[in-house]
Each structure stands twice: as C-alpha cells, then as structure tokens.
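# Examination of the molecular architecture
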Amino acid sequence: MSYVTVGIVDYGMGNHASVIHSLRDLGFRVRVSADTAVLDSTDILVLPGVGAFPAAMQALHQRGLVGYLQQQAREQRPIIGICLGMQLLTSASHEFQYTAGLDLIPGEVVALTGAKWHIGWNTLECVDSEPLLQASDGEAFYFNHSFCYQGPSEYQACITRHPASFASVIRRGKVVGIQFHPEKSQAAGRTLLKNLILGLTHA
Amino acid sequence: MLKKRLIGVVTVKNGWAVQSFGYRRYLPLGKPECLVENLDRWGADEILVQIIDRSEAGLGPDYELLGRLGALGLETPLIYAGGIRTVADGVKLVQLGADRIVVDALLHDDLISVKGLSECLGAQALIASLPLSWQGKSLEWLDYRSRTSTSISDEVLGLIQSGVISEVLLSDWKNEGIPDGFEQKLVEEFPLKDVPIIAFGGLSEHEQMRMLLQSPRVTAVAVGNFLSYREHAIQRYKEALTGMPLRLATYKSTYSLIADV
C-alpha cells in the first residue's frame, strides 16, 4: 500500500495544528518544514496561513521559499493553499499595500465588495464539473476573511456569495487555492481535503 | 448564503470549566477539554473558550490550556477570551490554535493595542466583549474586574464603528445563567446599528434564540450553561430552530450506520 505524504510549508504564519490533525485523521503522512529537502520528499505541498498578506510574503522570502514554490508549480507538483495560503498563490494583493504574490494563479487579492468581512459558514457552489470538488458542491464551510480573489473566470472553480459572489476555490493545473478553512469545517472539510489530495496526487 | 451561528461557550475559572451565574456564582463542571471536545463532536458552529480569571489576576492568556485544546485536533473554529494584554499575546494565541480572539479588559485599558491586534491579525479575527445591562434608561457597560458599570465611552464605540473589530459579544451579564433571562432590549438599544452582534447570557429557550436570530443585527447566539444539561444539546437546539438561517444539525459518529453482516 502506498501512503500519500503531505508537506506543510512552515513559514511561521498561523497555526498548523488543526491542519496536521485533519490530514493525519484522513490517513495521510504529514511533514511540517521550511526545509526544501524535507518538502521535496513529500507528494503534495500545503500552504496554510493566517494573518496579513505582506507579512506572509516577507516570511516566505526570508525562508527562501518563494522561488522554491514557483519551481515546484512549474514541475507540476500539486500545491494546495488554504485561506491566506490561497491568496499567496495569486499574482498580488492590495491588503494594506500592493504586494506581489507567488503568481502561480493569475489574479489579484482585493477587499470584499458589499461587506467588510466574511465570517462563518457559507455554501460552496461549483461553477463547472470539477470532479475533485463535485462531492462538496452545496456543502457549507467555515470562512474568516476580508479579502478575496479577483481574476480570470477560467481559474475560478467554485464561488460563494456574500452577498456578491467571489471565488472560494481557484485552480490552475495542480495548484489549488481554498479561501475557507477545510480543517475547521468538520465532516464537509474532511471530505473536501481527502478528495482534493487524493485527486491531485493520483492524477 | 452566509449562515447565522450557534456558538458553544465554555467558561473556565481556576483551570476548571464552570457554570457561571450573573458573573458572581460558579459551579464546577469538569475539565474544559471534555466540554470543548463535546461541542466539537456535536457540531457547534464555533466554540468560545472564555477564561474569566486571567485579566483580574494579571496572568495573561492561558497558553497551556490552549495548547491542550489544540492537541485535541478540533474541527470547529475556536474563539479564545481571557487575559489578552498585548499584540504579542494575540499573535501567540493564533499561533497556538485560536481562530479568533475576544478582547474585554483591553477595551478599558489599551485601545492602541486593540488597533494593533486588528492590524496584525485582521479585524475578522477580533471580537469585542461588552458585558451590558439596562439601567432604567440607558445601557451600562461592566468592568468585571472592578464590578463597576459606566456608559460605553465614545472612544470605544468609535473604535468598534471604525471596523477595527468585526463583531460584538454582547453579554447580558446580570441574567447570565438564568433560563430565558436574556434581555432583548440590550440588542435593540445597542447604539451601533450596523455592527454584527453575538448575543450571550441567559439564552436557554429556542423561541428566545429564534427572536434574536430574526434580527438582522444578530449574527450569532452563544450558549454556555444550558448546553451542559443534556447530550447533543447543539443538535437539539438546531432542530428546534428549523427555518432559521443556521447550518443544519450535524452528527459525527465513529461508528458505521450500516451493521456488519
């Protein structure tokens, strides 16, 4: 039996405990590191994050992870960004100031329109027949953010409404960004994480 | 559509989960971890852990407890309250597993740090706790450390209104622990009309919760003591609140519903 090993990119922003627990509960092996040699030994990278975009990008730069993550995406390595981690996958953010992102998925991070923030459980709507996410269509997940993705519709896999619609899951090839917290979304989150990780690593 | 929330509250004093009555009388319930684990299993929309003796004693946040809660691998968003003194405290709490934090004493003592927390963690991570009571013709704001009430200062109201804080935890502290005790007038008379409110204190009946949840100002109701009297209390409340914009009751079981044959 082959195990999937998930590498959590540790760049010092936010809390990894819930992500680690969720992944281990699902039967995945987990490594948490900023060391590229350790991350190289894993099958898929997860970029979590809580906090502000500029500080997070600075932390990635300080650890020499920006070029590494860009190279991994070019090599078609699966990468999942969660919440702030999703926003880091984009070209840039306007949070506090204009800050360049990892640019793995074209588009920018802008303030929500029609609301100052988006806190609580809200529904996911798949915009096309994305097989990895189909089982999560219509399920509620936990959101906690005030900025969101704005970019080409071709990269928007799922939307959520608050009240205007915004992209809650974005995808370009094997790079996927999730605006909500699957690790804090109980059964719905577990199902989504499992389907995504198995789907991306076995594709 | 964004759902309204039913938040499970665990109140901690001297390291033990307690039932709290009117901010003055306490009955022990057991280990906080056990109650939090139950709420996680029962599908609460968020869990608030409030440690009520940290600021008063100048002890700072209870990182040890938060570490133990983090080790449970909770799948429910966790809100932490108690003893937050500085921006560094808030950052550390988030690193240890809190998804959001509540400030109370800091609103009396140091508004600059409240702003700093918001800049560092984002307003969505920050909740203002306002223990209120209705005194004749006006709202009074309790400083639980000195047990004195005053009107809410314009400075604090201005800070909340400015968007530094995402929600107000409006506690009916006098009626805390009293069944059906929550005074709706506190919500109606709260002066900031467009600030989302989490109602707490004396919420025991689903009809009372329904009335609150029908208010566009109320984004969540929080229940503490009344979750402790029966199993699966969260699901039962949610079932009784059918028709409200709440997430449906969820059931988590480690056992298959299909018998092995």
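Residues numbered from 1 in each chain as written. Chains lettered and ligands numbered in written order. Predicted model: local features only at pLDDT ≥ 70, side-chain atom pairs only at ≥ 80, totals over all residues.

## Quick look at the overall build of chain B
What counts here: We count a stretch as a helix when DSSP gives it H or I for four or more residues in a row; a strand needs E for two or more, and each element gets its number in order from the N terminus. It is over C-alpha atoms that the radius of gyration is taken, and the globule rule equals 2.2 Å times the number of residues to the power 0.38. The burial label depends on the number of other C-beta atoms within 10 Å of a residue's C-beta. Counts of 20 or more mean buried, 12 or fewer mean exposed, and intermediate counts mean partly exposed, with C-beta atoms placed from the backbone. Once C-beta atoms have been placed from the backbone, residue pairs whose C-beta atoms lie within 7 Å are recorded as contacts.
Along its length, chain B carries 10 helices and 12 strands. A compact globule built from 261 residues would reach a C-alpha radius of gyration of about 18 Å, and chain B, at 18 Å, matches this within 12%. Reported as C-alpha extents along the three principal axes, the dimensions of chain B are approximately 65 × 40 × 35 Å. Expressed as a percentage of the 261 residues in chain B, the buried residues total 44%. Taking the contacts inside chain B whose residues are at least 6 apart along the sequence as the reference set, 65% of them involve residues at least 24 apart.

## Here's the deal with the interface of chain B and chain A
Listed as interface residues are 26 residues of chain B and, on the opposing side, 30 residues of chain A. Tallying contributions element by element places helix 4 (residues 87-96) of chain B first for the side of chain B that touches chain A, with three residues.

## What about the environment of D104 of chain B?
With respect to the secondary-structure elements, D104 of chain B resides in the loop between strand 6 (100-103) and helix 5 (105-109). Along the chain, D104 of chain B and E33 of chain B lie 71 residues apart, while their C-alpha atoms are 23 Å from each other.

## Quick notes on the pairing of strand 5 (residues 78-81) of chain B
All names here are of chain B. The cut-off we apply is this: When DSSP finds at least two bridges between two strands, those strands are taken to pair. By convention a crossover is right-handed if, when the strands point away from the viewer, the path from the first strand over the helix to the second runs clockwise.
Residues L78 and Y80 of strand 5 are buried on one face, and the alternating residues I79 and A81, pointing to the opposite face, are buried as well. For strand 4 (residues 46-51) and strand 5, the ladder comprises four bridges, and the chain directions are parallel. Residue pairing across strands places L48 opposite I79, the latter belonging to strand 5. With three bridges joining them, strand 5 and strand 6 adopt parallel strand pairing. Looking across to strand 6, one finds that Y80 is bridged to I101. The β-α-β motif built from strand 5, the intervening helix 4 and the parallel element strand 6 has right-handed crossover chirality.

## So, unusual backbone geometry
Residue and element names in this part refer to chain A. Here the bond from H162 into P163 is cis, since omega is -25°, no more than 30 degrees from zero. Within the secondary structure, P163 sits in the loop between strand 12 (156-161) and strand 13 (165-172). In the Ramachandran plot, Q76 falls in the positive-phi region, its phi being about 65° despite a non-glycine side chain. Looking at the element boundaries, Q76 is found in the loop between helix 4 (66-74) and strand 4 (79-82).

## A closer look at helix 6 (residues 111-121) of chain B
Residue and element names in this part refer to chain B. Our working rule: Starting at the helix axis, one direction is taken to each C-beta atom, and the arc is that of these directions.
Taken together, the buried positions of helix 6 are V114, L117, S118 and L121. Down the axis of helix 6, the sector holding all buried residues measures 100°, keeping them to one side. Exposed residues pointing more than 90 degrees away from the buried face of helix 6 are listed as I112 and E119. Of the surrounding elements, those touching the buried residues of helix 6 are helix 4, strand 6, helix 5, strand 7 (126-135) and helix 7 (154-161). G122 sits one or two positions beyond helix 6 and adopts a positive phi of about 95°.

## Points about the nonpolar core
Heads up, the rule is: Put simply, a nonpolar core is a cluster of buried Ala, Val, Leu, Ile, Met, Phe, Trp, Tyr and Cys residues tied together by C-beta atoms within 7 Å.
Among the nonpolar cores identified, the biggest contains 133 residues, and A199 and V221 of chain B are the most heavily contacted of them. In terms of residue count, the dominant contributor to this core is helix 6 (residues 186-202) of chain A (six residues). Filtering out sequence-adjacent residues up to four positions away, V221 of chain B remains in contact with L6, A199, L203, M209, L212 and L213 of chain B.

## A few points about the confidence of the model for chain B
Residues and elements named next belong to chain B. Put simply, the test is: Within a predicted model, pLDDT stands for the predictor's per-residue confidence, ranging from 0 to 100.
Across chain B, the average pLDDT comes to 91, with 96% of residues at or above 70. Taking the mean pLDDT of every element in chain B, the minimum, 84, falls on helix 2 (residues 54-57) and the maximum, 98, on strand 11 (residues 197-200). In the model output, the complex is listed with pTM 0.93 alongside ipTM 0.91.

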